Structures are given as C-alpha cells and as structure tokens.
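Reading the structure
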Amino acid sequence: MGLPLLRPRSTMTDAFMTINQLSQQTPFTTKDGSTIRSILDQTNAPVQNQSLAEATIPEGQHTERHYHKLSEEFYFILEGAGTMEIDGEIRSVSPGDAILIPPSSWHQITATDRLRLLCCCAPPYSHEDTYFGTD
C-alpha cells in the first residue's frame, strides 16, 4: 500500500484528519487583551471539546485579569518570561512551563520579556465565557 498524496499545508480537512498551519492563521485580539492565532477551534476546524491557540504578549504588557466560568485552560510557555497570577498566587514563568488554570479561577499573565505561549481551553474558548470584575 503506497503513501497518500500530500496536499498543501495551509489547512487540510477530510473525513479523518484536520491539519492547520500556524502561519496561515489570522491574528486577533481576545477579550482579555492578548493577541492570538487560533490553531484549532470551532472557527477553523470541526472541533467540539477544546481549542488551541498561540498567544503573544509584548514585553511590559499583561492580559486583563479575568476568569472563565466553564473553560479549564492550559498555558504552555514557548518563548520569553513573565509572571502568572492565579487567584492571588504569583509565580515566575519561562519556556517549558505548563500552567493549569481551573475554571472560575481569576488569572492574569504579565510579560517581563515578550511572551509567546500556547493556550488550550476545554470547552473551547469563547468571548462569552470570559468575565471581568465588572461582569
């Protein structure tokens, strides 16, 4: 049995597999103020239970402190350095760190160096599930 034919790597979807190329995803600003590129979510793939995005935060900037009632989040730091605050506890973060953010936990990440990280949400990220002190 031969190998299947290869298709361009922008976005590939068929009955069995979806592959999205990060460089082909358009950046946008989330409700918390971070710039993200959705890698896999309900807008670009047949995703049902989670979402994956790349986020960047410029040096000296931070996300707005917020929480998600439904979504559990993972952050995985790829580049840069910063501090992560979850429910009042603050720790330094750097490449290779994986951070669990439970549902309903107030959180904020601050970049001491430009940060690039992966964000995974389950259920998938939505603006409607992002709450601030005034909500």
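Below you will find a few notes about this structure. In this text the structure is predicted, and so the values were computed from the model without any measurement. Each chain has its residues counted from 1, running along the sequence as written. Given that this is a predicted model, residues contribute local features only at a pLDDT of at least 70 and side-chain atom pairs are listed and counted only at 80 or more, while totals for whole chains, interfaces and linings are drawn from all residues. Excluded from the side-chain calculations are hydrogens and water; all other atoms, namely the structure's heavy atoms, are used.

**A look at unusual backbone geometry**
A negative phi angle characterises most non-glycine residues, just as the trans form characterises most peptide bonds. Each neighbour pair has its own omega, and for Ala-122 with Pro-123 the value is -5°, a cis peptide bond. Helical segments are the DSSP runs of H or I of at least four residues, strand segments are the runs of E of at least two, and each set is numbered from the N terminus. By the secondary structure assignment, Pro-123 is in the segment after strand S9 (107-122). One non-glycine residue, Asp-87, lies in the positive phi region at around 50°. Structurally, Asp-87 is set in the loop between strand S6 (72-86) and strand S7 (89-93).

**Thoughts on the pattern of salt bridges**
Salt-bridge detection follows one rule: a side-chain nitrogen of Lys or Arg within 4 Å of a carboxyl oxygen of Asp or Glu. Scanning the entire structure with this criterion turns up 6 salt bridges. Residue Arg-116 pairs with Glu-54 through a salt bridge whose shortest N-O separation is 2.8 Å. With Arg-116 in strand S9 and Glu-54 in strand S5 (residues 51-57), this residue pair connects regions lying 62 residues apart in the sequence. Residue classification places Glu-54 among the buried positions, given a relative accessible area of 4%. Where Glu-89 meets Arg-91, a salt bridge forms, and the shortest distance between an N and an O atom there is 2.8 Å. Here the term buried applies to any residue with accessible area under 20% of the maximum for its type, exposed to any over 50%, and partly exposed to those in between, with areas from a 1.4 Å probe on protein chains only. Assessed through its relative accessible area of 43%, Glu-89 is described here as partly exposed. If you follow the salt bridges from partner to partner, you end up with Arg-37, Glu-54, Glu-79, Arg-114 and Arg-116 in one network.

**Quick look at the nonpolar core**
Here, the term nonpolar core denotes a set of buried Ala, Val, Leu, Ile, Met, Phe, Trp, Tyr and Cys residues that are joined through side-chain atoms within 4.5 Å. Ranked by internal contacts, the top residues of the largest apolar core, which has 16 residues, are Tyr-75, Ile-77, Met-84, Ile-99, Ile-109, Leu-115 and Leu-117. Among the secondary structure elements, those contributing two or more residues to this core are S5, S6, strand S8 (98-101) and S9. For this core, the leading source of residues is S9, giving 5 residues. Dropping the residues within four chain positions of it, Met-84 is found in contact with Tyr-75, Glu-89, Ile-90, Arg-91, Val-93, Ile-99, Ile-101, His-107, Gln-108 and Ile-109. Two residues form a contact once any of their heavy atoms are found within 4.5 Å.

**A word on the environment of Arg-91**
As for its placement among the helices and strands, Arg-91 is situated in strand S7. Along the sequence, Arg-91 and Ile-109 sit 18 residues apart, while their C-alpha atoms lie 9.8 Å from each other. A polar atom in the side chain of Arg-91 sits 2.8 Å from the side chain of Glu-89. Polar contact criterion, stated in full: a pair of N or O atoms within 3.5 Å, where within protein one must be able to donate a hydrogen and the other to accept it, and residues adjacent in sequence count only if both atoms are side-chain atoms.

**Describing the packing of aromatic side chains**
Think of it this way: a Phe, Tyr or Trp ring, Trp meaning its six-membered ring, pairs with another when their centres are within 6.5 Å, and the plane angle makes it stacked under 30 degrees, edge-to-face over 60, tilted otherwise. Here the structure, examined in full by the defined rule, presents 2 aromatic pairs. For the ring pair Tyr-67 and Trp-106, a centre distance of 4.7 Å and an interplane angle of 65° mean the geometry is edge-to-face. On the criterion of sequence distance, the pair formed by Tyr-67 in the loop between S5 and S6 and Trp-106 in the loop between S8 and S9 is long-range, its members being 39 residues apart. Ring centres of Tyr-67 and Tyr-131 lie 5.4 Å apart, and the angle between their planes is 20°; this geometry places the pair in the stacked category. Linking Tyr-67 in the loop between S5 and S6 with Tyr-131 in the segment after S9, this pair joins segments that are 64 residues apart in sequence. Taken individually, Tyr-67 and Tyr-131 each receive the classification buried, so the pair is uniform in this respect. Among the aromatic side chains, those forming a connected cluster through ring pairs are Tyr-67, Trp-106 and Tyr-131.

Just geometry here; none of it tells us what the structure is for.
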